Amino acid sequence: MQLARRILNLLKTDSGAWEPYYRARELKEAGEAVVNLTVGDHDIPTDPAILAEMSESASRGRTGYSVVSGTTALRKAVATRIEKRTGVPTGIENVVITCGGQGALLVSHLAILNPGDKALFFDPYYPTYPGTIMAAGGTPVPVATSPRRDFRPEGKALDQAAVGATSLLFNSPNNPTGTIYPQETIAMIAAAAQKHDLWVISDEVYDTQIWSGEHASIRALDGMQERTFVIGSMSKSFAMTGSRVGWLAGPAEIMNALGELLTVVTFGVPEYIQDAALYALNRDLEFEPKVAEPFRRRLSVALDVLRNQRVVSLVPPMGAMYLMLDVRATGLSGRDFALHLLEHERIAVMPGESFGRSAAGHVRVAMTVPAEDLGDALRRLASVAGELARNRSATAAPAAA
Ligand code: PMP
């Protein structure tokens, strides 16, 4: 018996890139203390007031099937939020509720890709991107970016890759690099999408975690509404990762068809979860800053620690909850450095290679522990990197002489 090719190797990356992650899990299961800076999940749980609303809604009997595209009240709240923040007129006909941002990533690609269609995304990327495209039947095509240009996409590379492509998925504020694309980059992407007639899927799940610069939504640019889907989520902004609720916003006639697609994919998101999401969105100015604030503080501590050493460098993140550290001075790949760090210091980070080729020689640190612990872990990481770099120059010196 054989499985369909569509589901084989959905999360395949360069060989061994996930090894440190699995090794950290093994160590933890064996009872060892490991500082886990791998996955982008909040260390602070969902606010009790949101959970109380969830529980009350369930107790009121909202436990049956929901309207598949989402409750009218939640779709309206999402539409209002988008319109308020981007200025683009948005109604419930432009919004469907999905099982998290990931659900929106999948259904948007399912809606626009025919088998084998070329679907672009920028490298480094959130690791589900290629697999999501493959599950939707498309051919994933990464477009490289470089730390030399702060991981910002470049027009020439995009223009070349876009020939014959169907769609472009991008993520700003970006996981894993923390880059926020400036207005001119967003305009460049919009121009390329129009020139090559691409669908654009704009993953904006980190739009409330902004440390510097400004987030611009591509859907607000001229001529982009009819070709753009925006992905949003309660996960990061409201610390609701486990509730699996997000949304997709886009052209009304397509959202209508998506109702049918969602019927065969998930048959809706539980109503008590949607009610909790509505409660939270109605109090966005209370919850969003509260959820974002610890990351801002941690970033400041992290940058202070990293300023005091010369071996590890980074493009300072403008948003999201990660640091992408360049460890090439150690002479190790991201994977080997991550394994070394885990063995010697019991600190778990993700190799850059798990996010694509453009992040080789880097490691991604999720700022998901309290500021003091993060500072301590980074001091130890920098010290390990320094030792490796010194050993490297010591062994290289005789050959050079
Ligand atoms: N996009 C990006 C860039 C992410 O980092 C994540 C989660 N880590 C998601 C989408 C999906 O998040 P969720 O399904 O929890 O909304």
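Here the structure is shown first, and the text comes after it.
Residues numbered from 1 in each chain as written. Predicted model: local features only at pLDDT ≥ 70, side-chain atom pairs only at ≥ 80, totals over all residues. Heavy atoms only, no water.

A. Structural view of the environment of Tyr181. Mapped onto the secondary structure, Tyr181 falls in the loop between strand 5 (165–171) and helix 7 (183–195). Residues contacting Tyr181, with those up to four places away along its chain left out, are Phe122, Phe151, Pro153, Phe170, Asn171, Ser172, Asn174, Ile186, Ile189 and Glu214. (Helix = DSSP H or I, 4+ residues; strand = E, 2+ residues; numbered from the N terminus. Contact = heavy atoms within 4.5 Å.)

B. Quick look at the side chain of Ser146. Within the fold, Ser146 resides in the loop between strand 4 (139–144) and helix 6 (155–162). With relative accessibility at 11%, the residue Ser146 sits in the buried group. With residues near it in sequence (within four places) discarded, Ser146 still touches Phe151 and Arg152. (Buried < 20%, exposed > 50% of the residue type's maximum accessible area, 1.4 Å probe, protein only.)

C. Region of the structure containing the environment of Pro173. Looking at the element boundaries, Pro173 is found in the loop between strand 5 and helix 7. The exposure class assigned to Pro173 is buried, which follows from its relative accessible area of 0%. Along the backbone, Pro173 and Leu120 are 53 residues apart, and their C-alpha atoms lie at a distance of 18 Å. Not counting residues up to four positions away in its chain, the partners in contact with Pro173 are Thr179, Ile180, Tyr206, Asp207, Gln209, Ile210, His215, Gly319 and Ala320.

D. Broad picture of the site of the ligand. Around the ligand, a shell composed of 15 residues is seen, among which Gly101, Asp203, Ser233, Ser235 and Arg244 lie nearest. A distance of 2.5 Å separates an oxygen atom of the ligand from a polar side-chain atom of Ser233. In this structure, an oxygen atom belonging to the ligand sits 2.6 Å away from a side-chain N or O atom of Ser235. Starting from 400 Å² of accessible surface for the ligand in isolation, the protein chains cover 94%. (Near = heavy atom within 4 Å. Polar contact = N/O pair within 3.5 Å; in protein donor to acceptor, adjacent residues only side chain to side chain. Areas by Shrake-Rupley, 256 points an atom, 1.4 Å probe, with all protein chains shown as cover.)

E. Main features of unusual backbone geometry. Along the chain, Asp123 connects to Pro124 via a cis peptide bond; the corresponding omega equals 5°. Considering the arrangement of structural elements, one finds Pro124 in the loop between strand 3 (118–123) and helix 5 (128–135). Residue Pro173 follows Ser172 across a cis peptide bond; omega there is -5°. Positive phi is not limited to glycine here, since Ala239 has a value of about 50°. With respect to the helices and strands, Ala239 occurs in the loop between helix 8 (234–237) and strand 8 (246–249). For Ala239, a relative accessible area of 8% gives the class buried. The backbone of Phe267 shows a phi angle near 60°, a positive value even though the residue is not glycine. If you trace the backbone, Phe267 turns up in the loop between helix 9 (252–265) and helix 10 (271–281). Since its relative accessible area comes to 38%, Phe267 is described here as partly exposed.

F. Spatial organisation of the pattern of salt bridges. What the rule picks out here adds up to 25 salt bridges. One salt bridge connects Glu293 with Arg296, and the closest N-O pair in it is separated by 3.6 Å. Of this pair, Glu293 and Arg296 both sit in helix 11 (residues 284–307), separated by three residues, roughly a single helical turn. By relative accessible area, Glu293 is classed as partly exposed at 35%. A residue is classified by how much of its surface remains accessible, and Arg296, at 36% relative accessible area, is partly exposed. For the salt bridge of Glu343 with Arg346, the shortest nitrogen-to-oxygen distance reads 3.6 Å. On the basis of relative accessibility, which here comes to 36%, the residue Glu343 falls in the partly exposed class. (Salt bridge = Lys/Arg side-chain N within 4 Å of Asp/Glu carboxyl O.)

G. Examining the pairing of strand 2 (residues 95–98) more closely. Because side chains alternate across strand 2, one face comprises the buried residues Val95 and Ile97, and the other comprises Val96 and Thr98, equally buried. Across four bridges, the pairing between strand 2 and strand 8 is antiparallel. Bridging from a neighbouring strand, Val95 pairs with Ala249 of strand 8. (Pairing = 2+ DSSP bridges.)

H. Up close: the sheet that holds strand 3. The sheet built from seven strands is open, its strands ordered 2-8-7-6-5-3-4 with mixed pairing. Only two strands of the sheet have a single partner each, and these edge strands are strand 2 and strand 4. Between one strand and the next, the sheet's axes are offset by a mean angle of 25°, whatever the strand orientation. Inspection of the sheet shows strand 5 paired to strand 6 (residues 199–203) by five bridges, in the parallel sense. Note that in strand 6 the partner of Leu169 across the bridge is Ile201. Packing of helix 6 onto the sheet brings it into contact with strand 3, strand 4 and strand 5, and relative to strand 3 it is tilted by some 160°. (Axes fitted to C-alpha atoms, helices over the stretch in contact; angles between N-to-C directions.)

I. A nonpolar patch on the surface, seen in detail. Taken together, the side chains of Leu3, Ile7 and Leu8 make up a nonpolar region of the molecular surface, amounting to roughly 290 Å² of accessible area. Within the fold, Ile7 resides in the segment before helix 1 (19–29). (Patch = residues over 30% accessible without salt bridge, like charges linked within 9 Å, V, L, I, M, F, W, Y side chains within 5 Å.)

J. Just the pairing of strand 10 (residues 322–326), in detail. Along strand 10, five of the five residues are buried, which leaves the element largely enclosed by surrounding structure. Side-chain alternation along strand 10 places Tyr322, Met324 and Asp326 on one buried face and Leu323 and Leu325 on a second face that is also buried. Relative to strand 10, strand 9 (residues 313–314) runs antiparallel, the two sharing two bridges. Across the sheet, Ser313 pairs through a bridge with Asp326, a residue of strand 10. The pairing of strand 10 with strand 13 (residues 362–366) spans five bridges and is classified as antiparallel. The residue bridging Tyr322 from the neighbouring strand is Ala366, located in strand 13.

K. Region of interest: helix 10. In terms of burial, helix 10 is largely enclosed, as nine of its 11 residues are buried. Check the buried side of helix 10 and you find it contacts helix 2 (48–59), helix 3 (72–86), strand 2, helix 8 and helix 11.

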